[in-house]
Amino acid sequence: MQKLLNRKTVKERKAGMLHIAWRRFKKNKVSIAGAIITLTIAGIAILAPLISPYNPEKLNYGKELQPPSWEFLLGTDTGGRDILSYIIWGARTSLLVAIGAILIEVAIGVLIGAIAGYFGGIIDEILMRITDIIMTLPTILLLLTAVSMFKVRSIVIITLIMGALGWPWMARIVRSEFLSLKESLFVEAAKSLGIGKLRIIFHHILPNAISPIIVVATLDAPFYIMYEATLSFLGLGDPTAISWGNLVARGKDVLTSAWWVATFPGLMIFITTIGLNLLGDGLRDAFDVRARI
Amino acid sequence: MLAMELRNYILRRLLICIPTFLVSSMIIFSLMHIAPGDPIEIMYRGTRPTNPKIIELIREKLGLDKPIYEQYFIWILNFLKGDLGYSYVNNQPVIEQIAARLWLTVELVLLSQVLSLLMGIVLGVVAAVKRNSWVDSLLSLSSLFGYSMPSFWMAILFILIFAITFKWFPVCGSQTIGVELDFWGALADHLWHLTLPLLVLSFGSAAWYFRLVRSAMLDVLQMDYIKTARAKGLTERIVIYKHALRNAILPVATSFGTSLGFVLGGAVVVESIFAWPGLGEFAYKSTLARDYPSIMGINMMIVLCVLIANLITDIVIALIDPRIRY
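Residues numbered from 1 in each chain as written. Chains lettered and ligands numbered in written order. Predicted model: local features only at pLDDT ≥ 70, side-chain atom pairs only at ≥ 80, totals over all residues.

(A) Broad picture of the overall build of chain B. When you go through chain B residue by residue, the secondary structure sums to 14 helices and 0 strands. For chain B, the α and β elements follow one another from N to C terminus as α-α-α-α-α-α-α-α-α-α-α-α-α-α. Counting across all 326 residues of chain B, residues that qualify as buried make up 35%. Considering only contacts in chain B between residues 6 or more positions apart, those separated by 24 or more positions represent 71%. (Helix = DSSP H or I, 4+ residues; strand = E, 2+ residues; numbered from the N terminus. Buried ≥ 20, exposed ≤ 12 C-beta atoms within 10 Å, placed from the backbone. Contact = placed C-beta atoms within 7 Å.)

(B) Layout of the overall build of chain A. Regarding its fold elements, chain A presents 13 helices and 0 strands. Ordered by position from N to C terminus, the α and β elements of chain A give α-α-α-α-α-α-α-α-α-α-α-α-α. In chain A, of all internal contacts separated by at least 6 residues, the share reaching a separation of at least 24 is 71%.

(C) Broad picture of unusual backbone geometry. All names here are of chain B. For Asn132, which is not glycine, the phi dihedral falls at a positive 65°. Checked against the element boundaries, Asn132 lands in the loop between helix H5 (94-129) and helix H6 (134-148). Of note, Arg290 is a non-glycine position whose phi angle comes to about 50°, a positive value. Owing to 20 C-beta atoms within 10 Å, Arg290 belongs among the buried residues under this scheme.

(D) Structural context of the interface of chain A and chain B. Of the residues lining the interface, 36 residues belong to chain A; the matching set on chain B comes to 36 residues. If you list the elements that add at least two residues to the side of chain A that touches chain B, you get helix H5 (121-136), helix H6 (139-148), helix H11 (210-233), helix H12 (244-252) and helix H13 (259-286) of chain A. Considered class by class, the residues forming the side of chain A that touches chain B number 24 nonpolar, 9 polar and 3 charged. (Nonpolar A, V, L, I, M, F, W, Y, C, P; charged D, E, K, R; others polar.)

(E) Quick peek at the packing of helix H8 (residues 183-221) of chain B against helix H10 (residues 236-248) of chain B. Residue and element names in this part refer to chain B. Direction vectors running N to C along H8 and H10 enclose 125°, while the axes themselves pass 8 Å from each other. The angle between H8 and H10 falls in the class oblique. Crossing of H8 against H10: the hand is right-handed. Contact residues: H8 offers Val213, Ala216, Met217, Val220 and Leu221, while H10 offers Ala244, Asn247 and Ala248. Classifying every residue of the contact of H8 with H10 gives 7 nonpolar, 1 polar and no charged. (Axes fitted to C-alpha atoms, helices over the stretch in contact; angles between N-to-C directions. Parallel < 35°, antiparallel > 145°, perpendicular 65-115°, else oblique. Left-handed = near helix turned anticlockwise from the far one by under 90°.)

(F) Focus on the domain arrangement of chain B. Residue and element names in this part refer to chain B. Split into domains, chain B comes out as domain 1 (12-83) and domain 2 (98-325). On a C-alpha basis, the centres of domain 1 and domain 2 stand 34 Å from each other. Taken together, the contacts link 12 residues of domain 1 with 9 residues of domain 2. Elements with a contribution of two residues or more to the side of domain 1 that touches domain 2: helix H1 (2-33) and helix H2 (39-44). Sorting elements by how many residues they give to the side of domain 1 that touches domain 2 places H1 first, with 9 residues. Residues that form the side of domain 1 that touches domain 2 fall into these classes: 8 nonpolar, 3 polar and 1 charged. (Domains from an automatic or database assignment.)

(G) How the structure looks around the nonpolar core. In terms of nonpolar packing, the biggest core is built from 147 residues, with Leu143 and Tyr224 of chain A together with Ala155 of chain B touching the most fellow members. It is helix H4 (residues 83-119) of chain A that contributes the most residues to this core, 18 residues altogether. Viewed by domain, this core spans two of them, domain 1 (12-83) and domain 2 (98-325) of chain B, each represented by three or more residues. Each residue touching Tyr224 of chain A, except ones within four places of it in the same chain, is listed here: Val97, Ala98, Ala101, Ile102, Met162 and Gly166 of chain A. (Core = buried A, V, L, I, M, F, W, Y, C linked by C-beta atoms within 7 Å.)

(H) Quick look at H8 of chain B. In this model H8 of chain B runs just 48 Å from its N-terminal to its C-terminal C-alpha over 39 residues, more than 12% under the 57 Å that 1.5 Å per residue would give. The sharpest bend along H8 of chain B comes to roughly 35°, located at Thr195 of chain B, with the proline Pro197 of chain B sitting one to four residues further on. (Expected span 1.5 Å × (residues − 1). Bend = angle between axes of the 7 residues up to and from the residue.)

(I) Broad picture of the environment of Phe202 of chain A. Residues and elements named next belong to chain A. One can find Phe202 in helix H10 (residues 197-205). Using a count of 13 C-beta atoms within 10 Å as the deciding quantity, one classes Phe202 as partly exposed. In this structure the C-alpha to C-alpha distance between Phe202 and Val110, which are 92 residues apart in sequence, comes to 9.9 Å.

(J) Representation of H10 of chain B. Residue and element names in this part refer to chain B. Three or more residues of H10 are buried, namely Ile240, Ala244 and Ala248. Relative to the axis of H10, the buried residues are bounded by an arc of 45° and lie together on one face. Within H10, the exposed residues directed more than 90 degrees away from the buried face are Tyr241, Lys242 and Arg246. Where the residues of H10 are buried, they touch H5, H8 and helix H9 (224-231). (Arc of directions from axis to C-beta.)

(K) Examining the environment of Gly124 of chain B more closely. Residues and elements named next belong to chain B. Tracing the backbone through its elements, the reader meets Gly124 in helix H5. When the 28 C-beta atoms within 10 Å are taken as the criterion, Gly124 is described as buried. Placed 40 residues apart in sequence, Gly124 and Ile164 show a C-alpha to C-alpha distance of 33 Å.

(L) Focus on the packing of H9 of chain B against H10 of chain B. All names here are of chain B. Where H9 meets H10, the axes come as close as 11 Å, and the angle between the chain directions of the two elements is 145°. You can see that H9 and H10 cross each other, and the crossing is right-handed. Contacts between H9 and H10 pair Tyr225, Ile226, Ala229 and Arg230 from the former with Val239, His243 and Ala244 from the latter. Of the residues that constitute the contact of H9 with H10, the class distribution is 5 nonpolar, 1 polar and 1 charged.

(M) Spotlight on the confidence of the model for chain A. Mean pLDDT over chain A stands at 87; residues scoring 70 or higher make up 93%. Taking the mean pLDDT of every element in chain A, the minimum, 67, falls on helix H1 (residues 2-27) of chain A and the maximum, 95, on H4 of chain A. (pLDDT = per-residue confidence, 0-100.)

(N) Region of interest: the environment of Ala231 of chain B. The residue Ala231 of chain B is located in helix H9 in this model. C-alpha separation for the pair Ala231 of chain B and Ala267 of chain B, spaced 36 residues apart in sequence, amounts to 47 Å.

Now the structure itself:
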């Protein structure tokens, strides 16, 4: 009976935390706007095959660089591709790249942050020094350097590289969470019960550090979208991918005669990053992790 | 006494730079050496010599036959002597090309940092003081736009609007080519070319500093010592600029190092688009050509710049924040 009661209170408390966060989130109109923008982009990405009017990669000879019209709502590019369809499918690429890179970032960042924060001492010192170094180096330059190593630049490789370079902030946040949580009573209790270190780290401390992890991941997402687009724009991305950056690059060469080619995909990147930034800020305030980030 | 403490602090910071520099150089070196593909293949592109004896000779000459740690020591010692190797593209010493371009990037980045710090701090204070007014909303919205806008797209829009449509500024380059100008004419011409890349590079980081200053100011303005200052009858101007800003500016100072890395990354993009012949454009061109000695040289140069900037930042923070004692 006693056990049952305890479990219920823990559950209730967890629901309470989420409930409070949601209530705070709901009150903030700006965060709701961010959530709506993000969900809309995600909806576009998921429904791409249903809502795009044309095949985004189909070349239409004789219809190159058409201005926006009823036939092509946002015009066509240098190969006569329908820009609206291309942008719709591009949402897929951008979001998949962001999700992939974030998964890698979380895996590496949580592991390094947890080890550094839990064990402390010389391990912490070494790991944090490396983290600081990667954090101060210009990410774009590191990306260029890493990308230059590969002859074939596929979207998968770019995603992997971005995630592999993007974890320092996550590691720092997780470390600071672990530093404060490892002193708490429930960790003491777990230790005195003889529970193993790994289990304490992943089973007892990590679930309590989940909200800052979510917030950092959300705030990092727009960077990955921006970096992938930048690499593609510079001609160092995946030339075969349907990427907003590739389309802006194509538009750059015809800027004087066809402004719409570079403008619309850029606008999509802009809107998506605004949405994710607002959502991230909203989550940070809702989970009340502002002081820690 | 205080001066001695400060000297020790600076010395200690300087000492920390050495392992940081070594670790960074190892990261850069190993990044280049786990790269798939044979360096000789890349050096000679399609025209790789077929005779295995000649290949053996080239490997020996380049030191590629030695174990990897020996290669690293040779490379880092050469770097300290100022020898960064030769470019695969034109066989010129990398250090000469970097020296020719370094100033243009330093100029662009320094000016953009000064501009964005000024804009960020002044506007951040204004927004925090007029909290929740339309001024605050407008500034916060602009800042959101500033850090959400991809810099390459902003550059393209600026070119489209200010260079192509209105013809106020040139599309690219750092000076007009083929025109004889006196000193002042050349300077004006240079600044005229500098305007657009500088604006694009500054907008994003100004937005970032604005955010930091605004939120720090909002926190500081709630503190008791501000109420005390007001109660003492100090003018609002003195309370805000002398008492509040001094504390609100600390997060800006501490994040300066990180944001410098960010701006240097932005410089790569902006320089490539505006064909501004600095280090960033060099990095871009070398990446396209897979010119490894140049890429490594640029990376090391940037690491040095970042380290120096961080050192200066640490000293500045110690000077403005008396709580940091060493």
